[in-house]
Amino acid sequence: MKCVICKGSDIQNKMIEEEIKSGRDIVLVALDVLVCMNCGERYYDRNTMRKIEDVRSRLKQKDLEVEEVGKVLRAV
Ligand SMILES: [Zn+2]
């Protein structure tokens, strides 16, 4: 497999934390994705996409267990 962005071939499986917005909050979801080591492009397979969609819809229904790990702050 080659990266469609940079044509690099160093693509590895990595655990990442995807940020999913929920109103004013951001929910981090641990995902196992393929990442281009050269440019950082992420490749999601069908299962991963489904997991993200699942988290999104459960967030909407407030049916997801989450824990607060910090705050997102904005400089003023
Ligand atoms: Zn790349």
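In this text the structure is predicted, and so the values were computed from the model without any measurement.

K.L.:
Tell me what's going on with the pairing of strand S2 (residues 25-36), and back it up with residues and numbers.
P.N.:
Two elements, strand S1 (residues 11-22) and S2, share 12 bridges in a ladder whose sense is antiparallel. Directly across from glutamine 12, in S2, lies its bridge partner valine 35. The hairpin turn running from S1 into S2, its antiparallel successor, is two residues long, and glycine 23 in that turn takes a positive phi close to 65 degrees. Two elements, S2 and strand S3 (residues 42-43), share two bridges in a ladder whose sense is antiparallel. Within S3, the position partnered with valine 35 by the bridge is arginine 42. Taken together, S2 and the strand that follows it, S3, pair antiparallel across an intervening segment of five residues, in which glycine 40 is found at a positive phi of about 90 degrees.

K.L.:
Lay out the coordination of the zinc ion in plain terms, naming residues and giving numbers.
P.N.:
Coordination of the zinc ion by the protein is provided by Cys3 (SG), Cys6 (SG), Cys36 (SG) and Cys39 (SG), with metal-donor distances spanning 2.3 Å. Taken together, the four donor atoms surrounding the zinc ion define angles of 104 to 115 degrees at the centre, an arrangement classified as tetrahedral. Summarised as a motif, the one-chain spacing of the donors to the zinc ion is C-x2-C-x29-C-x2-C. Judged by relative accessible area, cysteine 3 falls into the buried class, the value being 1%. Cysteine 6 gets classed as partly exposed once you look at its relative accessible area, which sits at 27%.

Cut-offs applied
- Each residue is numbered by its place in its chain's sequence as written, counting from 1.
- Given that the model is predicted, a residue must reach a pLDDT of at least 70 before its local features are reported, and side-chain atom pairs must reach 80 or more before they are shown or counted; all residues, however, enter totals for whole chains, interfaces and linings.
- Only heavy atoms go into the side-chain values, all of them from the structure, while hydrogens and water stay out.
- Pairs of strands are assigned from DSSP output, requiring at least two bridges between the strands.
- For the purposes of this entry, the term helix denotes a DSSP run of H or I that reaches at least four residues, the term strand denotes a run of E that reaches at least two, and both are numbered from the N terminus.
- Donor criterion used throughout: N, O or S atom within 2.8 Å of the metal, extended to 3.2 Å for Na, K and Ca. Water excluded; incomplete-looking sites may result.
- For four-coordinate sites, all angles between 85 and 135 degrees define a tetrahedron; for four- and six-coordinate sites, opposite donors beyond 155 degrees with the remaining angles between 65 and 115 define square planar and octahedral shapes respectively, and all other cases count as irregular.
- Exposed residues in this analysis have more than 50% of their type's maximum accessible area, buried residues have under 20%, and partly exposed residues fall in between, with area computed by a 1.4 Å probe over protein chains only.

By themselves, these are just geometric observations and shouldn't be taken as functional.
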